[in-house]
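One-letter residues, chain by chain:
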Amino acid sequence: MSKKDPSLAKVKPKKMPFRIYFKRHKWLYFLLLPGLIYFIMFRYMPMGGLVIAFQEYSPFLGFKGSKFVGLDQFRKFFNTPDFPRLFKNTLGISLLQLLFFFPAPIILSLLLNEVRHQGYKRTVQTFIYIPHFISWVIVASLTYQLFNVSDGIINQIIASVSGHKVDILSRSDMFWGLIVGQVVWKETGYGTIIFLAALSGVDQEMYEAARIDGANRWQLLWYITLPALKGVIVMMLILRVGGLLNTGYEQIFLMRNDLNVSAADVFDTYIYTRGIVNGRYSFSAAAGMFKSLIGMIMVLSANWVAKKAGETGIY
Amino acid sequence: MASTAKIKTGRHRKGVIKRSTGDKVADVIIYVFLALVAISTVLPFIYVIAGSFATEKELTEKAFFIIPEVWSLNAYKYAIKTANIMRGLRNSLIITILGTFLCMVFSLTFAYPLSKPHFRGRNFFLNMVIFTMLFGGGMIPSFIVFTRLYKLYDSWWALILPGLISPFNMIIIKNFFQDVPRELEEAAYVDGANDLHIFSKIYLPLSKPVIASISLFYAVGYWNGYFNAMIYLKTAEKFTIQVQLRSIILLTSSIDETIMDFYDLNGAPPDKAVKMACTVIATLPILIAYPFIQKYFTKGVMVGAVKG
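Please read these numbers as outputs of a predicted model, since none were measured by experiment. (Residues numbered from 1 in each chain as written. Chains lettered and ligands numbered in written order. Predicted model: local features only at pLDDT ≥ 70, side-chain atom pairs only at ≥ 80, totals over all residues. Heavy atoms only, no water.)

Undergrad: How should I be thinking about the overall build of chain B in this particular structure?
TA: Across its full length, chain B carries 15 helices and zero strands. The buried share among the 308 residues of chain B stands at 51%. Summed over all atoms, the accessible surface of chain B reaches about 14,800 Å², with 68% contributed by carbon and sulfur. (Helix = DSSP H or I, 4+ residues; strand = E, 2+ residues; numbered from the N terminus. Buried < 20%, exposed > 50% of the residue type's maximum accessible area, 1.4 Å probe, protein only. Areas by Shrake-Rupley, 256 points an atom, 1.4 Å probe, with all protein chains shown as cover.)

Now the structure itself:
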């Protein structure tokens, strides 16, 4: 037993000098190294790259040679005439998602939970998880093929009912609905997994007991099922609130076109067009940093509120 | 559980345990609703698959069908010959395999030390990872750093390297390692094994389920990735399947009917069916992998994530 590593016996060993610890566990540090290099090079270096948000960055002058301008880029960003529109579109899409997409997986998993026939339940689950694994490009392709005005099946149905076609794909007043609809179609099924996992932990005997006591379906839902889901719902809500400014640029970028752009320009697409297409690096880096900071503040405050309210939170 | 299952089947067959008519009606509504939800998720795929095998005549005449009257492979022949779709498939396959392999190497080795409660510096490194989940450089600084400092512009490495470790996946692996019984490791220590041996000879063989599911996570991510390929790749020969598919759909849908007439005059395969065929080709690898995906995604891993 004398050879046994003392660090294994207790979580906090009696102060072994780091030099000896390191010698004994040098392979652990060796294993950590590739990942550490990755995090520094590909996660922290871009954060360092945020200095350009405080510069008038020019690719020819580089990070060191570019002029320092303080908060000028941020000021410019807040003062662009585009800012209110970006804010409105981003928040509009996010809030619609919060309203329709957030509850959808919860409702669907509650319905799945009511199904007693396991084969039926599993078959439904098999189907509804599929869209999650399909790329946004394919979802956009399917949407084009189903909704386009010239030969899309949806438009043929609309035309046969109402007599005229609706160009859903290029109308700005339908863009938000289109985006939220796509997300609901793609992610609702997969979103049920986390809630079903929480439900699988509920003791079935509680239901039996409650039923014997004469509880009806709604009472079972209200007093057993929903309390079991509360923690997960709060956790998902925190994540959702934190991502309120992340509208999923891949999806919006794919569905955006010249005709619906007034409703489709969100922070992410704006950063892309101003930064990568137009080459206004510093300006769009400032816009991106503003977005990330707000996101971080919102996650942390949502988490704080959840903890104050007696939930576990995520951090 | 076995006894409740018996009661359930009995209830289904004979209605032994009395349920109110309201309950029965509710059950029917739930079953029907779920069936509709399930159908609505696969119907678009069925529509596109059916259309891709149909002739242009049938596609223009009929609004909707699940089985084409006349089967035709023209759209596929055309897509494979001209649309660069095979090149895109090959490129995506290389990126996915190479990327997933590297992801697993980096994620497993990084997660292992962090799974040891005694590891000195553990909290520092964990906080370093968690911070990246909260805050990041963002699109533009990343683009500048990767292209200016690392010279990754127009390189597949720009698609592979930035995502080598997903903090979320790494934490799942770490939690899995933590659940491995301590005794195995202690015994190996007594026998004089070092950490590297213990990692490769004890932990890795035990981690097959988590390795399978996390590599599927990564692989699906690489296969489906579009945005990075679009901003970093310039040479058409390097384009991934997603970029390729996007340009095909955009091209044909913006040119619209005029080009359709042109195709017909020249006896070329129908535009609509080609689009559908390309969509099917790009979706196929995911659908083939789906049984595996479902097996590993839904079991264990997500539950572990909830616990973690």
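Now, onward.
Undergrad: Is there a simple way to think about the confidence of the model for chain A in this case?
TA: Here chain A averages 88 in pLDDT, and 95% of its residues register 70 or above. The least confident element of chain A is helix α1 (residues 6–9) of chain A, whose mean pLDDT is 50; the most confident is helix α3 (residues 26–48) of chain A, at 97. (pLDDT = per-residue confidence, 0-100.)

Undergrad: Honestly, the packing of aromatic side chains in this entry has me stumped. Any pointers?
TA: Geometrically, a pair of aromatic rings is defined through the distance of the ring centres and the angle of the planes. In total, this model carries 53 aromatic pairs over all chains according to the counting rule given. Residues Tyr 44 of chain A and Phe 131 of chain B carry aromatic rings whose centres are separated by 6.5 Å and whose planes lie at 20° to one another, so their mutual orientation is stacked. Of the two residues, Tyr 44 of chain A sits in helix α3 while Phe 131 of chain B sits in helix α6 (residues 122–134), which places them in two different chains. Relative accessible area serves as the criterion here: at 24%, Tyr 44 of chain A is assigned to the partly exposed category. Given the relative accessible area of 30%, Phe 131 of chain B is considered partly exposed. Ring centres of Phe 78 of chain A and Phe 83 of chain A lie 5.5 Å apart, and the angle between their planes is 85°; on these two criteria the pair is classed as edge-to-face. The partly exposed category is assigned to Phe 78 of chain A, whose relative accessible area is 36%. We classify Phe 83 of chain A as buried; its relative accessible area is 15%. Clustering of aromatic rings is evident, with ring pairs tying together Tyr 38, Phe 39 and Phe 42 of chain A together with Phe 110, Phe 143, Phe 146, Tyr 150, Tyr 153 and Tyr 232 of chain B. (Phe/Tyr/Trp six-rings, centres within 6.5 Å; stacked < 30°, edge-to-face > 60°.)

Undergrad: For this particular structure, what's the right way to read the pattern of salt bridges?
TA: Pairing of side chains with opposite charge becomes possible as their charged atoms draw close. A full pass over the atoms with the stated rule returns 16 salt bridges over all chains. With its nearest N and O atoms 3.2 Å apart, the salt bridge here joins Arg 256 of chain A to Asp 265 of chain A. The burial state of Arg 256 of chain A is the same as that of Asp 265 of chain A; both residues are buried. The closest approach of N and O atoms between Arg 87 of chain B and Glu 237 of chain B, which form a salt bridge, is 3.9 Å. Here the residue Arg 87 of chain B occupies a position in helix α5 (residues 85–114), and Glu 237 of chain B occupies one in the loop between α13 (227–232) and α14 (241–265), the gap between them amounting to 150 residues. By sharing partners, the salt bridges in this structure join Asp 82, Arg 85, Arg 256, Asp 265 and Arg 274 of chain A into a single network. (Salt bridge = Lys/Arg side-chain N within 4 Å of Asp/Glu carboxyl O.)

Undergrad: What exactly am I supposed to notice about the interface of chain B and chain A here?
TA: In many analyses, interface size is given as the accessible surface area lost on bringing the parts together. On the chain A side, the residues contacting the 107 residues of chain B number 93 residues. Carbon and sulfur atoms make up 74% of the area that chain B and chain A hide from each other, which totals about 9,600 Å². The largest per-residue losses of area from chain B upon contact with chain A belong to His 118, Arg 120 and Phe 135 of chain B, which jointly make up 8% of the total buried on that side. Where chain B packs against chain A, one counts two salt bridges. Two residues, Asp 23 of chain B and Arg 217 of chain A, come together in a salt bridge whose shortest N-O distance is 3.5 Å. Per-element tally for the side of chain B that touches chain A: the top contributor is helix α2 (residues 21–52) of chain B, with 18 residues. (Contact = heavy atoms within 4.5 Å. Buried area = accessible area lost by both parts, 1.4 Å probe.)

Undergrad: For this particular structure, what's the right way to read the side chain of Gln 145 of chain A?
TA: With respect to the helices, strands and loops of the structure, Gln 145 of chain A is situated in helix α9 (residues 136–147). Ignoring anything within four residues of it in the chain, the contact list for Gln 145 of chain A reads Gly 152 and Ile 153 of chain A together with Tyr 47, Val 48, Ile 249, Lys 275, Met 276 and Thr 279 of chain B.

Undergrad: So what exactly am I meant to see when it comes to the packing of helix α17 (residues 281–308) of chain A against helix α7 (residues 139–149) of chain B here?
TA: Describing two packed helices takes the angle between their axes plus the distance from one axis to the other. Where α17 of chain A contacts α7 of chain B, the axes come no closer than 7 Å and their chain directions differ by 130°. With respect to α7 of chain B, the element α17 of chain A is oriented oblique. Contacts from Tyr 281, Ser 284 and Ala 285 of chain A of α17 of chain A reach α7 of chain B at Ile 140, Pro 141, Phe 143 and Ile 144 of chain B. Looking at the contact of α17 of chain A with α7 of chain B, its residues break down into six nonpolar, one polar and no charged. (Axes fitted to C-alpha atoms, helices over the stretch in contact; angles between N-to-C directions. Parallel < 35°, antiparallel > 145°, perpendicular 65-115°, else oblique. Nonpolar A, V, L, I, M, F, W, Y, C, P; charged D, E, K, R; others polar.)

Undergrad: How should I be thinking about the nonpolar core in this particular structure?
TA: Core analysis: the largest hydrophobic core is formed by 184 residues, its most contacted members being Phe 77 of chain A together with Phe 110, Ile 140 and Leu 164 of chain B. Those residues in contact with Phe 77 of chain A, other than ones at most four positions away along the chain, are Phe 83, Leu 86, Phe 267, Tyr 270, Phe 283, Ala 287 and Phe 290 of chain A. (Core = buried A, V, L, I, M, F, W, Y, C linked by side-chain atoms within 4.5 Å.)

Undergrad: Could you clarify how one ought to interpret the environment of Met 133 of chain B in this entry?
TA: Residue and element names in this part refer to chain B. Tracing the backbone through its elements, the reader meets Met 133 in helix α6. C-alpha separation for the pair Met 133 and Gly 51, spaced 82 residues apart in sequence, amounts to 42 Å. Excluding residues that lie within four positions of it along the chain, Met 133 makes contacts with Pro 167, Phe 168 and Ile 171.

Undergrad: When you look at the environment of Pro 141 of chain B in this model, what are you seeing that I'm missing?
TA: Mapping Pro 141 of chain B onto the fold places it in helix α7. With a relative accessible area of 3%, Pro 141 of chain B lands in the buried category. Considering only alpha carbons, one finds Pro 141 of chain B and Lys 208 of chain B, 67 residues apart in sequence, at a separation of 37 Å. Setting aside its immediate chain neighbours within four residues, Pro 141 of chain B contacts Pro 46, Gly 49, Leu 50 and Ala 285 of chain A.

Undergrad: Got a minute to help me understand a nonpolar patch on the surface in this structure?
TA: Residue and element names in this part refer to chain B. Taken together, the side chains of Ile 39, Leu 43, Ile 46, Phe 64, Ile 66, Ile 67 and Trp 71 present a nonpolar region at the surface, about 670 Å² in accessible area. Relative to the elements of secondary structure, Ile 46 occurs in helix α2. We classify Ile 46 as partly exposed; its relative accessible area is 31%. (Patch = residues over 30% accessible without salt bridge, like charges linked within 9 Å, V, L, I, M, F, W, Y side chains within 5 Å.)

Undergrad: What is the right way to look at α6 of chain B in this model?
TA: Its 13 residues place the ends of α6 of chain B 19 Å apart at the C-alpha level, agreeing with the 18 Å of an ideal helix rising 1.5 Å per residue. The set of residues buried in α6 of chain B consists of Arg 122, Phe 125, Leu 126, Met 128, Val 129, Thr 132 and Leu 134 of chain B. Residues of α6 of chain B that are buried make contact with α3 and α17 of chain A together with α5 and α9 (167–178) of chain B. (Expected span 1.5 Å × (residues − 1).)

Undergrad: I tried to follow unusual backbone geometry on my own but got confused; where do I start?
TA: With the exception of glycine, the majority of residues adopt a negative phi angle, and the majority of peptide bonds are in the trans configuration. Residues and elements named next belong to chain B. In this structure, Lys 151 is a non-glycine residue whose phi angle is positive, near 55°. Relative to the helices and strands, Lys 151 is located in the loop between α7 and α8 (157–160). At Asp 154, a residue that is not glycine, the phi angle is positive and equals roughly 60°. Turning to its location among the elements, Asp 154 is positioned in the loop between α7 and α8.

Undergrad: Could you clarify how one ought to interpret the side chain of Asp 268 of chain A in this entry?
TA: Residue and element names in this part refer to chain A. Position of Asp 268 among the secondary structure elements: in helix α16 (residues 267–277). According to the relative accessible area criterion, Asp 268 is buried, its value standing at 3%. Separated by 2.7 Å, the side chains of Asp 268 and Lys 291 make a polar contact. (Polar contact = N/O pair within 3.5 Å; in protein donor to acceptor, adjacent residues only side chain to side chain.)

Undergrad: Just to check I follow, could you spell out the packing of α6 of chain B against α9 of chain B for this structure?
TA: Interaxial distance between α6 of chain B and α9 of chain B falls to 10 Å at its minimum, and their mutual angle equals 145°. Residues Arg 122, Leu 126, Val 129, Thr 132 and Met 133 of chain B of α6 of chain B form the contact with α9 of chain B, whose own contacting residues are Pro 167, Phe 168, Met 170, Ile 171, Lys 174 and Gln 178 of chain B.

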